[in-house]
Every structure is written in C-alpha cells, then in structure tokens.
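So you can see what is in the structure, the chains are spelled out below.
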Amino acid sequence: MKVLDARSAELFAQAQEVMPGGVSSPVRAFKAVGGTPRFIARAQGAYLWDADGNRLLDYVGSWGPMILGHNHPEVVAAIQEALQEGLSYGAPTEREIALARLVREAYPMADLVRFVSSGTEATMSALRLARGYTGRELIVKFRGNYHGHADSLLVQAGSGLLTGSGGTARSAPSSAGVPQALAELTLVADYNDPEGLGVLFERHGEQIAAVIFEPVVGNAGVLAPTPAFLEALHRLTRQYGALLIADEVMTGFRLAKGGAVERLGLKPDLICWGKILGGGLPVGAYGGRAEIMQQVAPLGPVYQAGTLSGNPLAMAAGIATLKTLFQDPPYARLEAYGKALEEGLQEVFAEAGRPICLNRVGSMVTAFFREGPVETYAQAVESDTEAFKRFFHGLLRQGVYWPPSQFEAAFFSTAHGEQELAFTLEAAQLAVRGL
Ligand SMILES: *Cc1c(COP(=O)(O)O)cnc(C)c1O
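Report follows, based on the coordinates. Source: prediction; values computed, not measured. (Residues numbered from 1 in each chain as written. Predicted model: local features only at pLDDT ≥ 70, side-chain atom pairs only at ≥ 80, totals over all residues. Heavy atoms only, no water.)

The next point concerns the overall build of the chain. Scanning the chain for helices and strands turns up 14 helices and 16 strands. The C-alpha atoms of the chain give 21 Å as radius of gyration, which agrees with the globular expectation for 435 residues (22 Å, within 12%). A buried classification covers 56% of the 435 residues belonging to the chain. Restricting the contact set of the chain to residue pairs at least 6 apart, pairs at least 24 apart contribute 72%. By element, 52% of the accessible surface of the chain is carried by carbon and sulfur atoms, the whole surface being about 18,300 Å². (Helix = DSSP H or I, 4+ residues; strand = E, 2+ residues; numbered from the N terminus. Rg over C-alpha atoms; globule rule 2.2 N^0.38 Å. Buried < 20%, exposed > 50% of the residue type's maximum accessible area, 1.4 Å probe, protein only. Contact = heavy atoms within 4.5 Å. Areas by Shrake-Rupley, 256 points an atom, 1.4 Å probe, with all protein chains shown as cover.)

So this is what it looks like as structure tokens:
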C-alpha cells in the first residue's frame, strides 16, 4: 500500500528534535490516537493539504476559529489591507473600536471589552477581575471543562469528591508545576449536577468570587447543559454574590451571533471570547457590565496588559470575520449541515450495528463511542476510545480530518456543503467497516 504520510513522518521526526513532542500545542501530536500527525502545508475552504499532498476534509477548523472556512476572501483582503499599514504599534487604533462595537452588537450586556491575544489570557484575566471585584479568592470550575492553561484552571477534584457531595475534598493540580496552595482555591464541581453545585455553595458560597463554565461543553467532547443546571448556575451565583463567567471562547459567534448566551438565554456577568473573534489570528477578549470592567487597569486596580493586545492584523481578521457572519448569518445553514451529518452518521453506525451517541449543538459535534445519553463528564469518559482510534484513522485514510481525540468537538464551516457531506458519510461507512 502507498505510504500516505512519509513526508509528515519525516517532518515529525525533525520537529521532535527541536520542539517538545514536535508540536506547539499537545493535542496536535496525535497522542490520543497514535500514529503520525499530518503536517499541514496549506488550506482552502473546507480543506487542508498535508505535506505529502493529500487533500483532507477539515473537521478541526483550527480547533474552532475557522467558521468561514480557510482563506475566506473577505478575511484575507482585510489582513492584506492592514498589512500595508504596519504590523504593531503598541498604541491604540481605530480597528479596536470597530471590533469592540461588533462584539457589543452581538452581546449587548458587554458594555466594555478588553482585547488580549488568546483564550487562555481571556479566562485568566476574567478570573483575576472577578477576584478583584468581589474581594474573594475561591473560584469554581467544572470537571471536563477546559478554559486554557492558566495555573488556577489546571486543577482536578481531590479524592473524595463524588457527584452530589458538593466538593469538600481539596482540589489538586492536574499539571505538574501548579502549586497545591493555588489549586486549593479552585473548587471543582460536576457539570450538569445542580444539587452538587448547591451543596458546594452552601459550604463555601460567601468566599466564591466566580463560577466559570463552558455554556456548551466542547472540551470533553460536546455536552449540552441541562435547563436545571443553567438555572442553578444563575440562581446560586446571584444569591451568594459570585460572578458568573461564561467561557464563550469556543461557542462565541459559533452557536449564534451572540453565541451560547443568545442561544440559551444566559445572563452571565463576564464573558470570554477567542477563536472566531480572531478569524484565525491570535485574539482573545473579555467583557461585561461597565461597573465590573471599570475595575481593570488603567481605570481600576486589577492589572492586565499585553504588548500585542489589539494587534492590527488580528483586529482586521476579527472585524472581517464578524462582519461577514453578521451580514449573512450562516447559523441556519450550519444547523442544516449538522442535522444531515448527524442523521447520516446515525444511519452508518446503525447499519453496522455499532453503538454511538452523537452529541451536537449547532456546528459542534462529537460521536461518543458508547450508548447514549452522554450528559456528564463521567459518562463521556466511559466511551470506547480504542474504537474511536480505529474510526479516526479510518476517516483519515479516506481523507477526512476529524479531531484526533474522543474528547474534542468536531467543527464544520460555511465552506462545508453537499459534496463535503456526501464525502464524509462515504468515508464514515468505510471507516466503520474497519472497526
Ligand atoms: C480553546 C479554549 C480556551 C483557550 O483558548 P486558547 O486560545 O487556546 O488559549 C479557553 N476556553 C475554551 C472554552 C476553549 O475552547
């Protein structure tokens, strides 16, 4: 058989000599699925081309930003225009006003917006702001939710924390290098467990500065929030004077113009953005009510800064992306593609007699290799990851680039159409045969 990835394998070997694991971010190394990560040479629309010249139908979308597909002409033109004017000034620019206005148009509750350069920076800064604003130190996050790699968020539930127990055990670092003392300031609760959250607030509510959550989880695979969970989040944070932080880094501008906040009718105090907001260039942001955001430097005592924050090229890409989305909202079309993909995959797996649970919200989808329902992290982790690996590699051999982990969301874009749908389902049929 022809070797499809000889050049990628050679590059991977070279990369490992100069970078840890050969990558700039761990999931790219294919550790969860084995094999050689494809080195990407270029991209256009719904497709990537790897270093061996294979065309791959892309369901990773740079892990979320590429909702318009790769190299969208409006975005490319906007970057080219900005490029003529210099790369970075370290001084304010008009484009920042334009992008902040677009964010506010989609999220009217965000009176003020601060730009940073990544989602990690956005959530880290929002947590500092919540602590500064409330004068409290504890934060709450949920098992299986990912908010970037800030120390306070690389934390797992300590032993003894069981669903519904309310988090009495001390949290522990989930990464080496995170101080135990810092980890203990982050309480870890179970997603979609309103009772557990209630117990946790009864015990610690007066000391909790903020609860941060993924309004639709993408980072454990796709998990949708239950209405009872969303109700408890709002009620408990309000009752105890804690801030509710919606991490919309993945879902913002993807699930609706106003993200999950609009789609689910949420009322968070602070919102974090990233990914789509930068249209493929490095951007993050956080925002909320003026009275809270006015605590950020230079207006207030909460310090936060960035040499490349509000970078002109990144702002230009973000403006072009949001304008394109707002002018001709693609959400109904994405929903239709998603529905057809979901139904098609259901059929492929049903015909093969393989259990599968497809969780999809808008243009985010995960095929969990187990019987449904999958509503909690505990249920997600019981998936058959060995079967997923075989499915993943089966798809890849057919030219479909699915996320290389059971616990990541697949994304599609406005560049995915009828042809791409048919191609995906044919590839899935062949991949399922190999299970
Ligand atoms: C990707 C992601 C982040 C981190 O963003 P980076 O730009 O990778 O730092 C934070 N929160 C959520 C929900 C994400 O999906």
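Applying the stated criterion to the full structure yields 16 salt bridges. In this structure, Asp 328 engages Arg 333 in a salt bridge whose closest nitrogen and oxygen atoms are separated by 3.3 Å. Note on Asp 328: relative accessible area 48%, which makes it partly exposed. Ionic contacts of the salt-bridge type, sharing partners, join the residues Arg 263, Glu 335, Glu 342 and Arg 360 into one network. (Salt bridge = Lys/Arg side-chain N within 4 Å of Asp/Glu carboxyl O.)

We now examine the pairing of strand E5 (residues 138-142). Looking along a regular strand, one sees side chains alternate from face to face of the sheet. Within E5, five of the five residues are buried, leaving the element largely enclosed by the surrounding structure. Neither face of E5 is exposed, since Leu 138, Val 140 and Phe 142 on one face and Ile 139 and Lys 141 on the opposite face are all buried. As paired strands, E5 and strand E9 (residues 208-213) are joined by three bridges and run parallel to one another. Across the sheet, the residue bridging to Leu 138 is Ile 208, located in E9. Two elements, E5 and strand E8 (residues 186-189), share four bridges in a ladder whose sense is parallel. Residue pairing for E8: Val 140 is matched across the bridge by Leu 187. (Pairing = 2+ DSSP bridges.)

What follows deals with the side chain of Gln 406. Here Gln 406 is to be found in the loop between strand E15 (400-401) and strand E16 (410-411). From its side chain, Gln 406 meets the backbone nitrogen of Phe 369 in a polar contact 3.1 Å long. (Polar contact = N/O pair within 3.5 Å; in protein donor to acceptor, adjacent residues only side chain to side chain.)

This structure, assessed with the given rule, holds 16 aromatic pairs. Measuring from centroid to centroid gives 6.3 Å for Tyr 47 and Trp 49, while their planes differ by 50°, and the two rings are tilted. As far as burial versus exposure is concerned, Tyr 47 and Trp 49 are alike and both buried. Pairing Tyr 59 with Trp 402 gives two aromatic rings, centres 5.0 Å apart and planes at 50°, and the pair type is tilted. Note that Tyr 59 is positioned in the loop between strand E3 (55-58) and helix H2 (73-83) and Trp 402 in the loop between E15 and E16, a separation of 343 residues in sequence. The rings of Phe 30, Phe 349, Phe 369, Phe 388, Phe 391 and Phe 392 are connected pair by pair, giving a single aromatic cluster. Taking the ring centre of Tyr 47 as reference, the NZ or CZ of Arg 55 above it sits at 4.0 Å. (Phe/Tyr/Trp six-rings, centres within 6.5 Å; stacked < 30°, edge-to-face > 60°. Lys NZ or Arg CZ within 6 Å of the ring centre and 35° of its normal.)

Turning our eyes to something else, we now look at the site of the ligand. Lining the immediate environment of the ligand, one finds Ser 118, Gly 119, Thr 120, Tyr 146, His 147, Gly 148, Glu 214, Asn 219, Asp 247, Val 249, Met 250 and Lys 275. In this structure, an oxygen atom belonging to the ligand sits 3.1 Å away from a side-chain N or O atom of Asn 219. Here an oxygen atom of the ligand and a side-chain polar atom of Lys 275 are 2.6 Å apart. Expressed as a share of its isolated accessible area of 380 Å², the protein-covered part of the ligand is 83%. (Near = heavy atom within 4 Å.)

Here the focus is the sheet that holds E5. Read across the open sheet, the seven strands follow the order E4-E12-E11-E10-E9-E5-E8; overall the sheet is mixed. One side of each edge strand has no neighbouring strand; the edge strands of this open sheet are strand E4 (112-116) and E8. Each neighbouring strand pair of the sheet contributes to a mean axis angle of 20°, computed without reference to strand direction. (Axes fitted to C-alpha atoms, helices over the stretch in contact; angles between N-to-C directions.)

Once that is clear, we can look at the sheet that holds E16. Strand order in the open sheet made by the three strands is E13-E14-E16, with antiparallel pairing throughout. Whereas interior strands pair on both sides, the edge strands pair on one side only; in this sheet they are strand E13 (357-361) and E16. Judged from the five bridges that link them, E13 and strand E14 (residues 364-368) form a sheet pairing that is antiparallel. Note on E14: the bridge partner recorded for Leu 358 is Ala 367. Of the strands in this sheet, E13 and E14 are in contact with helix H11 (residues 331-352), which crosses E13 at around 180°.

Our next topic: the packing of H11 against helix H14 (residues 418-433). Helix-helix packing: each pair is described by the crossing angle between the helix axes and the interaxial distance. Packing of H11 against H14 leaves a shortest axis separation of 10 Å and a crossing angle of 20°. As judged from the angle between their axes, H11 and H14 are roughly parallel. For H11 against H14, the interelement crossing comes out right-handed. Residues Tyr 337, Ala 340, Leu 341, Gly 344, Leu 345, Val 348, Phe 349, Glu 351 and Ala 352 of H11 lie in contact with H14, whose contacting residues are Glu 420, Leu 421, Thr 424, Leu 425, Ala 428, Gln 429 and Val 432. Its residues assigned to classes, the contact of H11 with H14 comprises 11 nonpolar, three polar and two charged. (Parallel < 35°, antiparallel > 145°, perpendicular 65-115°, else oblique. Left-handed = near helix turned anticlockwise from the far one by under 90°. Nonpolar A, V, L, I, M, F, W, Y, C, P; charged D, E, K, R; others polar.)

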